[in-house]
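# Overview (structure and organization)
Listed below, chain by chain, are the residues.
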Amino acid sequence: MFAVNAQKITKYFHEPSTFAVLSNIEFSVEKGEFVSLIGKSGCGKSTLLYILSTMDTDYEGTLELNNQSVTGLSQDALSRFRNEHLGFVFQFHFLLPEFSALENVMLPALKLGKFSNEEIEHQAIEKLKQVGMDEYARKSAGKLSGGQQQRVAIARALINNPAIIMGDEPTGNLDKANTYIVLDILKRLSEENKQTIITVTHDPDFAAKSHRIIEMEDGKMVKR
Amino acid sequence: MKSFRLSLKIALVHLLSKKKQTIIAMLGVTFGISMFIVMISFMTGVNDYLMDLALDGSPHIHVYNPVKTKRTPLSASVYDTSKTQIFVHHQKPKADQNRIRSGFQILQEIQKLPYVTNAAPQLSSQVFFNNGSLQFGGVMMGVDIERENTMYKLYEKIESGSVEKMRSNKDGILLGENLALKLNVGVGDRVSLTAPNGSVFLLKVVGTFAFGMTSVDETRCYVGLNTAQKILGKPSDYITDINIRIRDYNQSTAIAEEIQALFGYTAEDWKKTNASILAGEIIRNTLTYVVSAAMLIVAGFGIYNIMNMSVVNKMRDIAILKATGFEAGNIVSIFLLQSLIIGLSGAFLGMFIGALLSYGIDQLPFPAREMIKLETFPVNYEPIHYILGIVFGFITTLFAGYFPSRKASKIDPVAIIRG
Ligand SMILES: Nc1ncnc2c1ncn2[C@@H]1O[C@H](COP(=O)(O)OP(=O)(O)OP(=O)(O)O)[C@@H](O)[C@H]1O
Ligand SMILES: [Mg+2]
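Residues numbered from 1 in each chain as written. Chains lettered and ligands numbered in written order. Predicted model: local features only at pLDDT ≥ 70, side-chain atom pairs only at ≥ 80, totals over all residues. Heavy atoms only, no water.

## As for the interface of chain B and chain A
Contacts between the two partners involve 26 residues from chain B, matched on the other side by 27 residues from chain A. Overall, the association of chain B and chain A removes approximately 2,500 Å² of surface from exposure, summing both partners, and the carbon and sulfur fraction of that is 64%. Its largest share of buried area at the contact with chain A, chain B owes to Glu327, Ile417 and Arg418 of chain B, together 24% of the area lost on that side. When the shortest N-O distance is used, the salt bridge between Glu327 of chain B and Lys111 of chain A registers 3.0 Å. On inspection of chain B and its partner chain A, the count reaches 11 residue pairs in polar contact (both at pLDDT 80 or more). (Contact = heavy atoms within 4.5 Å. Buried area = accessible area lost by both parts, 1.4 Å probe. Salt bridge = Lys/Arg side-chain N within 4 Å of Asp/Glu carboxyl O. Polar contact = N/O pair within 3.5 Å; in protein donor to acceptor, adjacent residues only side chain to side chain.)

## Thoughts on the pairing of strand E5 (residues 172-176) of chain B
Here is the key point about a regular strand: its side chains alternate between the two faces of the sheet. Residues and elements named next belong to chain B. The buried fraction of E5 amounts to 5 of the 5 residues, a majority that puts the element mostly inside the structure. Taking every second residue as pointing to the same face, both faces of E5 are buried, with Gly172, Leu174 and Gly176 on one and Ile173 and Leu175 on the other. One ladder, built from 5 bridges, connects E5 with strand E7 (residues 200-209); its direction is parallel. Considered in E7, the bridge of Leu174 is made with Gly207. Pairing of E5 with strand E8 (residues 220-224) involves 3 bridges; the strand directions are antiparallel. The residue bridging Leu175 from the neighbouring strand is Cys221, located in E8. (Buried < 20%, exposed > 50% of the residue type's maximum accessible area, 1.4 Å probe, protein only. Helix = DSSP H or I, 4+ residues; strand = E, 2+ residues; numbered from the N terminus. Pairing = 2+ DSSP bridges.)

## Focus: the nonpolar core
The biggest cluster of nonpolar side chains holds 106 residues, and the ones touching the most others in it are Val4, Phe27, Leu48, Leu52 and Leu63 of chain A. Ranked by size, the runner-up nonpolar core spans 41 residues in total, among them Ala119, Leu175, Ala228 and Tyr265 of chain B. (Core = buried A, V, L, I, M, F, W, Y, C linked by side-chain atoms within 4.5 Å.)

## Regarding unusual backbone geometry
Residue and element names in this part refer to chain A. Here the residue pair Glu15 and Pro16 is connected by a cis peptide bond, since its omega of -5° sits within 30 degrees of zero. Among the structural elements, Pro16 can be located in the loop between strand E1 (2-13) and strand E2 (19-30). The phi dihedral of Asp218 is positive, around 50°, even though this residue is not glycine. Its location among the elements puts Asp218 in the loop between strand E9 (212-217) and strand E10 (220-223). Looking at Asp218, the relative accessible area reads 61%, which means it is exposed.

## Looking at the environment of Asn67 of chain A
Residue and element names in this part refer to chain A. Looking at the secondary structure, you find Asn67 in the loop between strand E4 (60-65) and strand E5 (68-69). Asn67 sits 64 residues away from Ala3 along the chain, and the two C-alpha atoms are 6.5 Å apart. Ignoring anything within four residues of it in the chain, the contact list for Asn67 reads Met1 and Phe2.

## With respect to the packing of helix H3 (residues 101-112) of chain A against helix H4 (residues 117-130) of chain A
Residue and element names in this part refer to chain A. Two elements in contact, H3 and H4, have axes whose closest approach is 9 Å; the angle formed by their N-to-C orientations is 125°. By the angle between their directions, the pair H3 and H4 is classed as oblique. Crossing of H3 over H4 shows right-handed handedness. From H3, Leu102, Val105, Met106, Ala109 and Leu110 reach across to H4, where they touch Asn117, Ile120, Glu121, Ala124, Ile125 and Leu128. Classifying every residue of the contact of H3 with H4 by side-chain character gives 9 nonpolar, 1 polar and 1 charged. (Axes fitted to C-alpha atoms, helices over the stretch in contact; angles between N-to-C directions. Parallel < 35°, antiparallel > 145°, perpendicular 65-115°, else oblique. Left-handed = near helix turned anticlockwise from the far one by under 90°. Nonpolar A, V, L, I, M, F, W, Y, C, P; charged D, E, K, R; others polar.)

## Quick notes on the sheet that holds strand E6 (residues 86-89) of chain A
All names here are of chain A. Judged by pairing direction, the sheet is mixed, and its 6 strands sit side by side in the order E6-E7-E8-E3-E9-E10 without closing on themselves. A strand with exactly one partner marks an edge of an open sheet, and here the two such strands are E6 and E10. Ignoring which end each strand starts from, the neighbouring axes of this sheet average 20° apart. In terms of strand pairing, strand E3 (residues 34-39) meets strand E8 (residues 196-200) through 4 bridges, oriented parallel.

## Observations regarding a nonpolar patch on the surface
Residue and element names in this part refer to chain B. A surface patch of nonpolar side chains, amounting to about 1,100 Å² of accessible area, comprises Ile297, Phe301, Tyr304, Ile384, Ile387, Val391, Phe394, Ile395, Leu398, Phe399, Tyr402 and Phe403. When residues of the nonpolar patch are traced back to their parent elements, those giving at least two are helix H12 (275-313) and helix H15 (383-409). The leading source of residues in the nonpolar patch is H15, at 9 residues. (Patch = residues over 30% accessible without salt bridge, like charges linked within 9 Å, V, L, I, M, F, W, Y side chains within 5 Å. Areas by Shrake-Rupley, 256 points an atom, 1.4 Å probe, with all protein chains shown as cover.)

## What to know about the side chain of Asn380 of chain B
Residues and elements named next belong to chain B. Within the element layout of this structure, Asn380 appears in the loop between helix H14 (328-363) and H15. A distance of 3.3 Å separates the side chain of Asn380 from the side chain of Thr44, its partner in a polar contact. Ignoring anything within four residues of it in the chain, the contact list for Asn380 reads Ser41, Thr44, Gly45 and Asp48.

## Side note on H15 of chain B
Relative to the 39 Å expected for 27 residues at 1.5 Å per residue, H15 of chain B spans 38 Å between its end C-alpha atoms, a close match to the ideal helical length. The largest bend in H15 of chain B amounts to roughly 30° and is located at Tyr402 of chain B, with the proline Pro404 of chain B lying one to four residues further along. (Expected span 1.5 Å × (residues − 1). Bend = angle between axes of the 7 residues up to and from the residue.)

## Concerning the pattern of salt bridges
On inspection of all chains with the given rule, the structure shows 17 salt bridges over all chains. Members of the salt-bridge network, linked through shared partners, are Lys11, Asp56 and Asp58 of chain A together with Arg418 of chain B.

## Topic: the domain arrangement of chain B
Residue and element names in this part refer to chain B. Here the domain parsing of chain B yields domain 1 (2-56 + 277-418) and domain 2 (59-68 + 96-270). Inter-centroid distance (C-alpha atoms) of domain 1 to domain 2 is 51 Å. Counting residues at the interface gives 9 residues for domain 1 and 12 residues for domain 2. Each partner contributes to the roughly 1,000 Å² buried at the junction of domain 1 and domain 2, and carbon and sulfur atoms together form 56% of this total. Linking domain 1 with domain 2 are 0 salt bridges. Between the two partners, domain 1 and domain 2, sit 0 residue pairs in polar contact (both at pLDDT 80 or more). By residue class, the composition of the side of domain 1 that touches domain 2 is 6 nonpolar, no polar and 3 charged. (Domains from an automatic or database assignment.)

Set out below in structure tokens:
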């Protein structure tokens, strides 16, 4: 059973002139796999990840996530799919600055509405503990450092226990110690919970610790 | 419900993060609604006051016989008008032209009509009041004073003397307050009056009244019906008007038409008599709604602006919310709630301030005592105006907030997250 199955994904950008950022990308990831996506800056890693995360729908080819075709679904359906099945850590840590760290983590779960507020808060504090941010839970997100924000963003990606977690350099702003903590969490999630992990990374050590490395060059896959 | 609470929570955080703009936008609505409340309370106050005046001062339906100068000449009944041309130059009206024939019989018939509560006979005529060598024109109304009292609540309008004394004084007269002033007479004094036929009578002033309208108080006087007939040299069944009160004064037009058709005399309802007052009412109402609408539109643009700015400022937040699973509808409700909170709190504050201002106006002394008699500005406190205020505030902000909210919901998260 594939967690991710991408067929003939091609994407064009039209500025400054039309060019193919991604051409004929074909690959699949199994459930519970921990995959690293590497490649030179500007080769199209982030672009691919946005397509895989269903946020970018402007592409050719087909995409299946969790055995469900997501190509051509409505925006609202994709929103619901992301909410329930996907966790995402952005390259530039994006939090809602007026909300506390805890509230940022809770929001996707509140939106899902599966548990009571108390349960969600409890779970959110657990996730913050995992990334070592529980003592900053009540602090407003806008007042956290870059690395702290990134850790809160990781906790937020985990809150709904998604089938697939995607990260665009999720440890880019972290020191060695914290990078290893995050790496450890992601590995455990894939091995113990069978959650699928796809991360873009520039860190060769990080990539080496994952199950599989996919390398990209100029919008194509060179090593699967 | 859960998603509403979540949207509300996010909306409140957004509002609190821009307190200044929120308050300014709110005050715009407050201003619009409070002006609406003040204007409509005052304008309807004026309307109602004038309406009361009109209804107090004139009968609901007035039956009379208008003077027709032009009439078919007698010779037309003798000659065949299709063959003979008849010319009569400068016709003169007949005597007794405005008499209502068998008036008391008609009066009784009218009183039997189901929707009529009261009807009174009247003999009215132009007269002159003599004050030394000066004469003042006036209108004498010969009335059944008891009925007049119940129909117009004359006793409420008495300024000096009393209505009761009319009963014991056959030659008693009630004078309009301003008329008495002009004649320089008071209760107990005698006043000299010249009828159209030239005969002069002395009457005893038993009281003065004030309807509050100068046009009435400066010219009108009441005498007993019999006295009026005597003054004018008419028989005791001679009347010129029948005044009618009906159960529902809003139906006056239809009933007047019916009475006119039944008895053949002109029946004019109070709406026609007071057409100018009613026209003023339409103008005042239009003014109120136009000015209030203009102010609400300005307030609406204020909200629109601030919400638009807020959407631009919160683009990143919107992108994150959408990326983590919020649907377009959730985003719309987050921003629509913000503008509704601004609008409704502004409207409630506006109602409160509007009520205070109305009360203030209510306490102000009314300056123009010459025209109409009024102590303070007339103000109404109708709950429906306040409900309207809230509804208007709600609708304005709904419109003002809708377009920015839709814009927010259409934001493409990747475009922003890509950086
Ligand atoms: N919105 C856009 N319009 C036009 N070209 C774009 C746009 N976004 C990215 N590109 C181009 O597409 C290519 C791939 O960009 P992408 O962000 O996917 O690179 P990346 O592999 O993530 O690089 P990095 O490691 O630096 O993050 C780059 O050449 C970039 O300039
Ligand atoms: Mg990138």
